[in-house]
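Residue-level structure breakdown
For reference, the chains in residue letters:
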Amino acid sequence: MSNSSELDRDVDDAMRLFERSRVGNTEALTPIRPSRVLLVLDGSDQDETSTRSAEVLRERFDTETLVIDARQDAQGDLAVEQAKRVNGARPLARRSGDSFDVILDTIHDHQIDLLVVPSPFGRSFEKVGTDSVGTVMDVLLARCPVPILVTRRSDQTLAVCCQRISLLVGGECDVEARAAAWTFGLAADAAEISLNLVVEREHFENVRSILESLRPEETFDTQTLSNALAKTHQSLHAAMTKTATAQGCRYHLMPQAGEVAPPNPLSDPQQQMLVLPLEVDDRFGQGFVSDRLRRSPHPVLIVPGHVPAS
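A few points on the structure. (Residues numbered from 1 in each chain as written. Predicted model: local features only at pLDDT ≥ 70, side-chain atom pairs only at ≥ 80, totals over all residues. Heavy atoms only, no water.)

All right, on to the pattern of salt bridges then. Applying the stated rule across the entire model yields 13 salt bridges. Glu64 is the partner of Arg36 in a salt bridge, and the nearest nitrogen-oxygen pair spans 2.9 Å. Taken together, the residues span a long stretch of sequence, with Arg36 in strand E1 (residues 36–41) and Glu64 in strand E2 (residues 64–69) at a distance of 28 residues. What makes Arg36 partly exposed here is its relative accessible area of 23%. You can call Glu64 partly exposed: its relative accessible area is 29%. A salt bridge links Asp109 to Arg95; the nearest nitrogen and oxygen atoms lie 2.8 Å apart. Remark: Arg95 occurs in the loop between strand E3 (90–91) and helix H4 (99–110) and Asp109 occurs in helix H4; sequence separation between them is 14 residues. On the basis of relative accessible area, Arg95 is assigned to the partly exposed category, the value being 32%. One network of salt bridges, with partners in common, ties together Arg36, Glu64 and Arg90. (Salt bridge = Lys/Arg side-chain N within 4 Å of Asp/Glu carboxyl O. Helix = DSSP H or I, 4+ residues; strand = E, 2+ residues; numbered from the N terminus. Buried < 20%, exposed > 50% of the residue type's maximum accessible area, 1.4 Å probe, protein only.)

Take a look at the structure:
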């Protein structure tokens, strides 16, 4: 039997074991839900979408909502009027400085546990589209210590998108279990939840070149890497399975190539939310999150791990 056949057999055996794996003593995740939300306004047409998201969070979780106008050197203050839209919301006095500094300082000073912010900041998504997430978002991805709910397109409403949530994982990540807990925390009743194990082409090519240099006689394809990735996430899969059962959600494990993984094309009317775990000191992870966010018409929840001191 060739080494290639032996490898295929080992992968098949591992996957059968994985599919048969019992949840056993794996505990269900404790869903994480927001309690104090910071609604960030940028003066664009996306403020309406962000405010509607804050309204949904208030209605579902009785969140305390703080509102800031984070525009730089703008006339007037949008926070007072928009705060009237959300029950019990409180506007904060506008600060001077760069928009990202205003946001980060407010998070620190008011013990925020969820940030709601549009991207691209200060620009219409309908005009900028997938070309950029903006400088403000780039800085937040590097420095923000709390989960970021990024609003994108006006027809992708949080109330509907929480009925179908995809947790996208591009590799092993220390914060993925926390991201899964946020996924179940925000999920609507009887939501459909998937764990999408995404193999990006660049990652696949890098791994394949290494393995082929070590084992030139063996073949290595995307499915092999997908199967291996699924095996490494067996514990998370088991925990999400048990949590979905306890919460009455539908759950699917979906190893898939990056080109077919969410987000969907802008022309696809399907509504859903994407959840992305982020270790900011992981260069591959940073690129994966930034690319998915840039191309997504859907709201995106980014759950950061270690954030270095600024």
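That was the structure; now back to the text.
Attention now goes to the sheet that holds strand E6 (residues 164–169). Here we have 10 strands laid out as an open sheet, ordered E3-E2-E1-E4-E5-E10-E9-E6-E7-E8, and mixed in their pairing. Both edges of this open sheet fall to E3 and strand E8 (250–257), since each of them pairs with a single strand only. Here E1 runs beside strand E4 (residues 114–118); their pairing, made up of 3 bridges, is parallel. The residue bridging Leu38 from the neighbouring strand is Leu115, located in E4. Seen against the sheet, helix H6 (residues 135–143) touches E4, strand E5 (148–151), strand E9 (273–278) and strand E10 (300–304) and runs at an angle of roughly 160 degrees to E4. Contacts from helix H11 (residues 234–247) reach E6, strand E7 (192–199) and E8 within the one sheet, and its direction differs from that of E8 by about 150 degrees. (Pairing = 2+ DSSP bridges. Contact = heavy atoms within 4.5 Å. Axes fitted to C-alpha atoms, helices over the stretch in contact; angles between N-to-C directions.)

Our focus in this paragraph is the packing of H4 against H6. Viewed as axis vectors pointing N to C, H4 and H6 meet at an angle of 35 degrees, and their least axial separation amounts to 9 Å. Here the hand of the crossing between H4 and H6 comes out right-handed. Contacts between H4 and H6 involve Ser99, Phe100, Asp101, Ile103 and Leu104 from the former and Val136, Val139, Leu140 and Arg143 from the latter. A per-class count over the contact of H4 with H6 returns 6 nonpolar, 1 polar and 2 charged. (Left-handed = near helix turned anticlockwise from the far one by under 90°. Nonpolar A, V, L, I, M, F, W, Y, C, P; charged D, E, K, R; others polar.)

Moving on, we get to unusual backbone geometry. The omega torsion across Ser119 and Pro120 is 5 degrees, close enough to zero to call that bond cis. A positive phi angle, near 50 degrees, is found at Gln111, a position not held by glycine. Within the secondary structure, Gln111 sits in the loop between H4 and E4. Among the residues examined, Gln111 registers a relative accessible area of 64% and is labelled exposed. Phi is positive for Ala190, close to 60 degrees, though the residue is something other than glycine.

Another aspect to go through is H6. Restricting attention to buried positions, one finds in H6 the residues Val136, Met137, Val139, Leu140 and Leu141. If you follow the buried residues of H6, they end up packed against H4, E4, E5, E9, helix H12 (283–295) and E10.

Another point: the nonpolar core. Core analysis: the biggest nonpolar cluster contains 47 residues, and Leu57, Met240, Met273 and Leu301 have the highest contact counts within it. Here the element with the most residues in this core is helix H8 (residues 176–186); it accounts for 6 residues. Apart from the residues lying within four places of it in its own chain, the contact partners of Leu57 are Pro34, Val37, Asp62, Thr63, Leu114, Val116, Leu149, Leu158 and Leu186. Counting 37 residues, the second-largest nonpolar core is a separate cluster that includes Leu92, Ile107, Val136 and Val139. (Core = buried A, V, L, I, M, F, W, Y, C linked by side-chain atoms within 4.5 Å.)

Checked against the element boundaries, Thr157 lands in the loop between E5 and helix H7 (158–161). If sequence neighbours within four positions are ignored, Thr157 has contacts with Arg52 and Gln271.

Right, let's talk about the environment of Cys161 for a bit. Looking at the secondary structure, you find Cys161 in helix H7. Remark: the alpha-carbon pair of Cys161 and Pro299, spanning 138 residues in sequence, is separated by 7.6 Å. Once residues lying within four places of it in the same chain are set aside, the contact partners of Cys161 are Gln156, Gln271, Gln272, Met273 and Pro299.

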